[in-house]
Structure formats: C-alpha cells, structure tokens
Amino acid sequence: MYMLLSTLLYYYCNLRYGVTDHTGIRTLEDPVKPEKSIDPMDHLPQVELSGTQPEAGFTLLSDGA
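Computed from a predicted model, the values in this text were never measured in an experiment.

Engineer: How should I be thinking about helix H1 (residues 2–17) in this particular structure?
Structural biologist: Because an α-helix completes one turn every 3.6 residues, residues spaced three or four positions apart along the sequence face the same direction. A rise of 1.5 Å per residue sets the reference length of H1, with its 16 residues, at 22 Å; its end C-alpha atoms lie 21 Å apart and thus fit the reference within 8%. Along H1, the positions that sit buried rather than exposed are Ser6, Thr7 and Tyr10. Angular distribution of buried residues about the axis of H1 spans 100°; they occupy a single face of the element. For H1, exposure combined with an orientation more than 90 degrees from the buried face picks out Leu5, Leu8, Leu9, Leu15 and Arg16. Phi for Gly18, located one or two positions after H1, is positive at around 80°.

Engineer: I'm lost on the side chain of Thr7 in this one. Help?
Structural biologist: You can see Thr7 is positioned in helix H1. Residue Thr7 is classed as buried on the basis of its relative accessible area, which comes to 15%. Here Met3 takes part through its backbone oxygen, which lies 2.8 Å from a polar atom of the side chain of Thr7. Not counting residues up to four positions away in its chain, the partners in contact with Thr7 are Ile25 and Arg26.

Engineer: What is the right way to read the environment of Gln53 from this model?
Structural biologist: Mapped onto the fold, Gln53 is located in the loop between helix H2 (34–37) and helix H3 (60–63). Residue Gln53 is classed as exposed on the basis of its relative accessible area of 69%. Placed 35 residues apart in sequence, Gln53 and Gly18 show a C-alpha to C-alpha distance of 65 Å.

Conventions and cut-offs
Residues numbered from 1 in each chain as written. Predicted model: local features only at pLDDT ≥ 70, side-chain atom pairs only at ≥ 80, totals over all residues. Heavy atoms only, no water. Helix = DSSP H or I, 4+ residues; strand = E, 2+ residues; numbered from the N terminus. Expected span 1.5 Å × (residues − 1). Buried < 20%, exposed > 50% of the residue type's maximum accessible area, 1.4 Å probe, protein only. Arc of directions from axis to C-beta. Polar contact = N/O pair within 3.5 Å; in protein donor to acceptor, adjacent residues only side chain to side chain. Contact = heavy atoms within 4.5 Å.

These figures capture arrangement, not role.
Structure below.
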C-alpha cells in the first residue's frame, strides 16, 4: 500500500509543485522486470490425478469423541 500511496503523492506533487525527483518511487518511467509480471502458476508441472483414489476424510460422527 505504501508504494501505491507514494506513487500517487509523487504524481500530485509533480503536477502541483513541479517535483521531478522520483528516487525510490515507482513511476511509469521505471521498467517492469519480467519476473514481476510472470504468473508462477503457469510454470507448474501438470499433475495426473486420474489414477489415484481419494482418502476418507475426518468426520465428526466416526472420528469425534
């Protein structure tokens, strides 16, 4: 949340007061690194579950005291 607020405040101060120093603030001029835009879920291996049998889960009737 801090990064968002600092960016909004920078753009406000830039338009209102002409502030141009954006050290430590993410702006449109900063490049986005590829590792920040990659979805790690896309690179997970596919898991085949068709040959597995489900295990019995916890039930209050048989497992609860």
